[in-house]
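Here is what each chain is made of, one letter per residue.
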Protein chains: 2
Amino acid sequence: MGKNLTKRSEDYSKWYNELVVKADMAENSGVRGCMVIKPYGFAIWEKMQAQLDKMFKETGHENAYFPLFIPKSYLSKEASHVEGFAKECAVVTHYRLKNAEDGSGIIVDEDAKLEEELIVRPTSETIIWDTYRKWIQSYRDLPLLINQWANVVRWEMRTRLFLRTAEFLWQEGHTAHATKQEAIEEAETILNIYATFAEEHMAVPVIQGTKTESERFAGAVETYCIEALMQDGKALQAGTSHFLGQNFAKAFDVKFANKEGVQEHVWATSWGVSTRLMGALVMTHSDDNGLVLPPTLAPIQVVIVPIYKGIEQLDEIAETVDPLVKELRAKGISVKFDKRDTHKPGFKFNEYELKGVPIRLAIGQRDLQNGTYEVARRDTLSKETVAASEVVDRIEFLLQDIQKNIFEKARTYRDEHITRVDSYEEFKKVLKNKGGFISAHWDGTTETEDRIKEETKATIRCIPIDAEEEEGECIISGKPSSRRVLFAKAY
Amino acid sequence: MGKNLTKRSEDYSKWYNELVVKADMAENSGVRGCMVIKPYGFAIWEKMQAQLDKMFKETGHENAYFPLFIPKSYLSKEASHVEGFAKECAVVTHYRLKNAEDGSGIIVDEDAKLEEELIVRPTSETIIWDTYRKWIQSYRDLPLLINQWANVVRWEMRTRLFLRTAEFLWQEGHTAHATKQEAIEEAETILNIYATFAEEHMAVPVIQGTKTESERFAGAVETYCIEALMQDGKALQAGTSHFLGQNFAKAFDVKFANKEGVQEHVWATSWGVSTRLMGALVMTHSDDNGLVLPPTLAPIQVVIVPIYKGIEQLDEIAETVDPLVKELRAKGISVKFDKRDTHKPGFKFNEYELKGVPIRLAIGQRDLQNGTYEVARRDTLSKETVAASEVVDRIEFLLQDIQKNIFEKARTYRDEHITRVDSYEEFKKVLKNKGGFISAHWDGTTETEDRIKEETKATIRCIPIDAEEEEGECIISGKPSSRRVLFAKAY
Ligand SMILES: [Zn+2]
Ligand SMILES: [Zn+2]
């Protein structure tokens, strides 16, 4: 396995694409815009899923499953929602193929045309709210806190592995509440879960904020988001949580009898994170040698590579290593002892570096004699010699230290790339030369936002939740503004 | 919650449909043939998934994810495969909707017609083998042991919740091997996993066998299956494992260099179980009072219902119950203490009976004074009084005993419904009056099989793997036969 990875400084985008493929995370399929998630990539996604699922369940959510298909008429019921999703969807029009009469192969059977076209779900608000109408009658049926793990399809024209694919995997939560306040609190609770997950598990620092009107989810009253910063200075929206007001309840006529017996429309939220997180994970930590994975999400946390000649030496090494493997596994640490004799140690070192395994142990004849291991950490690429008697403790320490270190490193980079500017000239200069988030005053109008986007390709990523009140003037219009917002070019 | 459940003896089919809906497992959606799996039903499915996933991983399989869509031309590459799946599939022909010019709503945008239609996967052999061509070059790349959890679509005309739905959830394993023998062993290993899962976790006794040529999977050389018997005497195919020979490797040109450097086509298997298992679970154990769930798959294993007047009595009960709940949870037992004051105990008793909760504890003032609980088991509907000091032990015993008891009950029923017949007259009589499996000699021809199917609707469910050699004569043609096969009407 030669790495031959393009350097980030040469071509960041090419580096990313190569890395995702070479590290066996995913690849393009024969179906335009649809990816294959390979076992190593999927194992990371499974760990993300397990952790998020646990957090959702701990906060009272249950999983369910709703249909893949959405009748065209459902999509149309919420006006801004259909505007947002009709333009890029997969449309099922027929339900049968048949043999062509001229023997040229199989063709669509025109006799099997659907009366109403079905859309492959781009998101499930409509089909779910059509269902909730049957489930909700009284305040006793509320809140309804449901999540779904599913595949969705949005017909993107330009796609990139994990970051933008026609089909992707995600979770979508859809909750129903008796009051506006409770729904807003739910949207905020989920935003907190997303931020905690990103920072503590993915080791990706995020900024919590709300979207401007033009960047809001189609059908939402308020969109909360977490925004991360990639190593090329571009932002990536890592998760969104929407307060939907009563929009979908009104579109699908979902009412409940309150405690006084009065009929009211239900309040709603929806929220999701997707396999896009995989892209954020790769782009935040990895380097020119390959993936760098946070220990909490690494499918293999520790790999042990024996250095030997002949089966006898390998057997000797195994006598020392086998009990270590057992001990580490008993502590819940995932270990691989790579005894393959088809590949040389150097090849294996490269491979595990490329795949981002956090800790690599090597053990040869001299180590065996000295009672030591060579311990290498992936994040810093540093090596040390550790006594066999202390290696378990050292591994436990390193797993935590690596998790902490890559988070700190990413946070430092992110913090250094939030630049306050007070003029449009400065704005353009920083965007061009430094990138990252630009903190500036904005007059609150879509007009200004659109002009900046057209002229610079930067968008307002969010209005940070913890932004301080500060009197200022919009960098474009000079009109008064009471807080700064964050601009950036984004994925 | 009034049960008002139709009795099995009145209308088995109606009983099933009502039960699935009333027990909050699933319901029909607004999309023809697609179901909504409700949280309670989905929680059971999640437990099934977790156990199966564990068994797959323990035997060396990894999960991955392949595209939802299959280009029409892929489906055509394996001749018998396309015959089997082209007739009932969802076809995506367009990728955009637009506003109708006459303002009548949104319509398909004819400018956005796909050059090649995409089929929503009915199963993934074709897209996966198109991918494996890139992954397999050498014997070192084999075996490839991959599983996928996914949704699939088959456009069934008559659908029933869980048993036959247009969209369903399943796992599909797809493996590649260097030798025929190894592929056959893989197919058999998986059949064993399915049988173990069905019997030990679902408590559903199954017969392992192989399918006749006409019942084989489209593209398989051999289809192994597990067959269960429902309480109405009809069989249900609960899982299949296919030895695919080199059919897909040839159709997609997947070759490997063997140890001698010679190019050979790869050997394959595929195997799957689906949400259909949910139907088998319901129909095997449940009764006229509702669901009966095996403790291993029950989302709630123990429910505790307090019987009280006023908050003071409830508080007193909680003082006793709270530590019990803690103790049970520490043992990994899932417990619900239902303190809702919006519903009476009788209502709750009915609800948990309907939902198949294996053990119900009730505790009122007298129990509190006596230091006892009333313990009811769902399978036998029997009650006993148990001292609080012994209740944990009793619960642990009962969870095992219920699991064992419902399996034994189902196995006794199944065994009593395997009838050996030696003439077609007898065959028809047993089929009409008793149902179940009919063990009979068959001459091995599709002609005979078809005639029996046409005349009686019974099909050959399987050639049992453990069938004894026995000289006999086909009940239709009188031709010689060397072993009996199992016939039944089936779901
Ligand atoms: Zn309304
Ligand atoms: Zn070939």
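Computed from a predicted structure; not experimentally measured.

This part takes up the overall build of chain A. For chain A, the count of helices and strands is 14 helices and 27 strands. Overall, the C-alpha framework of chain A stretches about 80 × 70 × 55 Å when taken along its three principal axes. Buried positions account for 59% of the 491 residues belonging to chain A. Across chain A, every contact between residues at least 6 apart in sequence was considered, and the portion connecting residues at least 24 apart equals 68%. Entry remark: accessible area of chain A is about 20,100 Å², with carbon and sulfur atoms responsible for 45%. Where the 65 positive side-chain charges of chain A centre and where its 78 negative ones centre are 3 Å apart.

Time to look at the interface of chain B and chain A. The interface is formed by 65 residues belonging to chain B together with 65 residues belonging to chain A. Counting each side, the surface lost to burial between chain B and chain A is near 5,100 Å², with a carbon and sulfur contribution of 66%. A per-residue breakdown of the area chain B buries against chain A is headed by Tyr65, Leu97 and Ile106 of chain B, which together make up 13% of the total. The partner of Lys57 of chain A in a salt bridge is Glu46 of chain B, and the shortest N-O contact between them spans 3.2 Å.

With 83 residues, the main nonpolar core has Phe69 and Trp129 of chain A together with Phe69 and Trp129 of chain B as its most contacted residues. Among all residues touching Trp129 of chain A, those that are not within four sequence positions of it are Thr175, Ala176, Phe248, Ala249, Phe252, Val254, Val266, Trp267 and Ala268 of chain A.

This paragraph deals with the coordination of the zinc ion (ligand 1). Within the protein, the zinc ion (ligand 1) binds to Asp253 of chain A (OD) and His265 of chain A (NE2); these donor distances fall in the range 2.2 to 2.3 Å. With Asp253 of chain A in the loop between α7 (247–251) and β14 (255–257) and His265 of chain A in strand β15 (residues 263–265), this residue pair connects regions lying 12 residues apart in the sequence.

Attention now moves to the UniProt feature "domain: Aminoacyl-transfer RNA synthetases class-II family profile" (unreviewed entry) in chain A. Within the UniProt annotation, "domain: Aminoacyl-transfer RNA synthetases class-II family profile" (unreviewed entry) is assigned to residues 27–294 of chain A. Along residues 27–294 of chain A one finds 29% helix and 32% strand; the C-alpha atoms at either end are 22 Å apart.

Across chain A, the average pLDDT comes to 96, with 99% of residues at 70 or higher. Model confidence for the complex: the whole-complex pTM is 0.97, and ipTM, which rates the interface, is 0.96.

The next thing to look at is the domain arrangement of chain A. All names here are of chain A. Domain assignment breaks chain A into domain 1 (12–285), domain 2 (302–398) and domain 3 (418–488). Measuring from the centre of the C-alpha atoms in domain 1 to the corresponding centre in domain 3 gives 29 Å. Listed by partner, the interface residues are 17 residues for domain 1 and 17 residues for domain 3. The junction of domain 1 with domain 3 conceals about 1,300 Å² of combined surface from both sides, 62% of it contributed by carbon and sulfur atoms. On the domain 1 side of the interface with domain 3, the three residues burying the most area are Ile207, Thr212 and Glu215, jointly 35% of the side's total. At the surface where domain 1 touches domain 3, the tally comes to one salt bridge.

So, about the relation of the copies chain B and chain A. Rotating chain B by 180° about the axis while translating it 0.0 Å along that axis superimposes it on chain A, leaving an RMSD of 0.0 Å. As the rotation angle and translation indicate, the two copies are arranged about a two-fold axis. Considering only C-alpha atoms, the residue of chain B closest to the rotation axis is Val92 of chain B, which sits at 2.1 Å. In this assembly the copies share their binding face: 100% of the residues contributing to the interface of chain B also contribute to that of chain A.

This next bit is on the pairing of strand β17 (residues 302–306) of chain B. Residue and element names in this part refer to chain B. Among the five residues of β17, five are classified as buried, and the element is accordingly described as predominantly covered. Burial along β17 is two-sided: the face carrying Val302, Ile304 and Pro306 and the face carrying Val303 and Val305 are both buried. In terms of strand pairing, β17 meets strand β18 (residues 335–337) through three bridges, oriented parallel. Bridge assignment links Val302 to a residue of β18, and that residue is Val335. After leaving β17, the chain enters helix α9 (residues 310–330) and then returns to the sheet as β18, a path that is right-handed.

All names here are of chain A. Its place among the elements puts Glu78 in the loop between α3 (72–75) and α4 (79–85). One buried charge, Glu78, has no salt-bridge partner; the nearest side chain with opposite charge is Lys250, at 9.8 Å. If sequence neighbours within four positions are ignored, Glu78 has contacts with Gly219, Asn247, Phe248 and Ala251.

Residues and elements named next belong to chain A. The mixed open sheet is built from five strands, whose spatial order is β18-β17-β19-β20-β21. In this open sheet, the two edge strands, each paired with only one partner strand, are β18 (335–337) and β21 (383–387). Each adjacent strand pair in this sheet contributes to an overall mean axis angle of 25°, direction not counted. Contacting β17 (302–306), β18, β19 (359–363) and β20 (372–377), helix α10 (residues 345–354) runs over the sheet at an angle of about 170° to β17. Docked against the sheet, helix α12 (residues 391–416) engages β17, β19, β20 and β21, running at close to 5° with respect to β20.

Let us now look at the packing of helix α2 (residues 39–58) of chain B against helix α6 (residues 180–201) of chain B. All names here are of chain B. Their axes nearest at 11 Å, the elements α2 and α6 cross at an angle of 140°. In this view, α2 runs oblique relative to α6, as classed from their interaxial angle. Read as a crossing pair, α2 and α6 show a hand that is right-handed. Here α2 contributes Met48, Gln51, Leu52, Met55 and Phe56 to the contact with α6, which in turn contributes Ile193, Tyr194, Thr196, Phe197 and His201.

Let's shift gears to α10 of chain A. All names here are of chain A. Of all the residues in α10, the buried ones are Lys348, Phe349, Glu351, Tyr352, Glu353 and Leu354. The inward-facing, buried residues of α10 contact α1 (12–22), β17, β18, β19 and β20. Trailing α10 by a residue or two, Gly356 shows a phi angle of about 75°, which is positive.

All names here are of chain B. Read across the open sheet, the five strands follow the order β18-β17-β19-β20-β21; overall the sheet is mixed. In this open sheet, the two edge strands, each paired with only one partner strand, are β18 and β21 (383–387). Neighbour-to-neighbour, the strand axes of the sheet open up by a mean angle of 25°, direction not taken into account. Relative to strand β19 (residues 359–363), β17 runs parallel, the two sharing five bridges. For Ile304, the partnering residue across the bridge sits in β19 and is Leu361. In this fold α9 packs onto β17, β18, β19 and β20 (372–377), with an angle of close to 170° to the strand it touches most, β18. Across the sheet, helix α12 (residues 391–416) touches β17, β19, β20 and β21, and the angle it forms with β20 is around 5°.

What follows concerns a negative patch on the surface. A surface patch of negative charge is lined by Glu312, Asp315, Glu316, Glu319 and Asp322 of chain A. The topology assignment puts Asp315 of chain A in helix α9 (residues 310–330).

This part takes up the side chain of Ser124 of chain A. Residue and element names in this part refer to chain A. In this fold, Ser124 is placed in the loop between β8 (113–120) and α5 (125–135). Looking at Ser124, its side chain comes within polar contact range of the side chain of Glu172, at 2.8 Å. Apart from residues lying up to four places away in sequence, Ser124 is in contact with Ile70, Gln148, Glu172 and His174.

All names here are of chain B. Relative to the helices and strands, Ser481 is located in strand β26 (residues 480–481). Residue classification places Ser481 among the buried positions, given a relative accessible area of 5%. For the pair Ser481 and Asp111, spaced 370 residues apart in the sequence, the C-alpha separation amounts to 61 Å. Ignoring sequence-local partners within four residues, the contact set of Ser481 consists of His441, Trp442, Glu470, Glu471, Gly472 and Cys474. At 3.1 Å, the side chain of Ser481 forms a polar contact with the backbone oxygen of Arg483.

It is worth spelling out the pattern of salt bridges at this point. Residue and element names in this part refer to chain A. On inspection of all chains with the given rule, the structure shows 63 salt bridges over all chains. Salt-bridge contacts for Glu156 lead to Arg164; the nearest nitrogen and oxygen are separated by 3.4 Å. Here Arg164 falls in the partly exposed class, since its relative accessible area comes to 36%. The shortest N-O distance in the salt bridge between Lys331 and Glu396 comes to 3.7 Å. Of this pair, Lys331 sits in the loop between α9 and β18 while Glu396 sits in helix α12, placing them 65 residues apart in sequence. A relative accessible area of 42% places Lys331 in the partly exposed class. Among the ionic contacts, a cluster of salt bridges with common partners joins Asp24, Glu27, Lys38 and Lys355.

Criteria and thresholds
- Residues numbered from 1 in each chain as written.
- Chains lettered and ligands numbered in written order.
- Predicted model: local features only at pLDDT ≥ 70, side-chain atom pairs only at ≥ 80, totals over all residues.
- Heavy atoms only, no water.
- Helix = DSSP H or I, 4+ residues; strand = E, 2+ residues; numbered from the N terminus.
- Buried < 20%, exposed > 50% of the residue type's maximum accessible area, 1.4 Å probe, protein only.
- Contact = heavy atoms within 4.5 Å.
- Areas by Shrake-Rupley, 256 points an atom, 1.4 Å probe, with all protein chains shown as cover.
- Lys, Arg positive; Asp, Glu negative; His and termini not counted.
- Charge placed at Lys NZ, Arg CZ, Asp CG, Glu CD.
- Buried area = accessible area lost by both parts, 1.4 Å probe.
- Salt bridge = Lys/Arg side-chain N within 4 Å of Asp/Glu carboxyl O.
- Core = buried A, V, L, I, M, F, W, Y, C linked by side-chain atoms within 4.5 Å.
- Donors = N, O, S within 2.8 Å, 3.2 Å for Na, K, Ca; no water.
- UniProt positions renumbered as here; feature names shortened; annotations may be inferred.
- pLDDT = per-residue confidence, 0-100.
- Domains from an automatic or database assignment.
- Least-squares fit on C-alpha atoms with pLDDT ≥ 70 in both.
- Pairing = 2+ DSSP bridges.
- Right-handed = clockwise from strand over helix to strand, strands pointing away.
- Axes fitted to C-alpha atoms, helices over the stretch in contact; angles between N-to-C directions.
- Parallel < 35°, antiparallel > 145°, perpendicular 65-115°, else oblique.
- Left-handed = near helix turned anticlockwise from the far one by under 90°.
- Patch = residues over 30% accessible without salt bridge, like charges linked within 9 Å, V, L, I, M, F, W, Y side chains within 5 Å.
- Polar contact = N/O pair within 3.5 Å; in protein donor to acceptor, adjacent residues only side chain to side chain.

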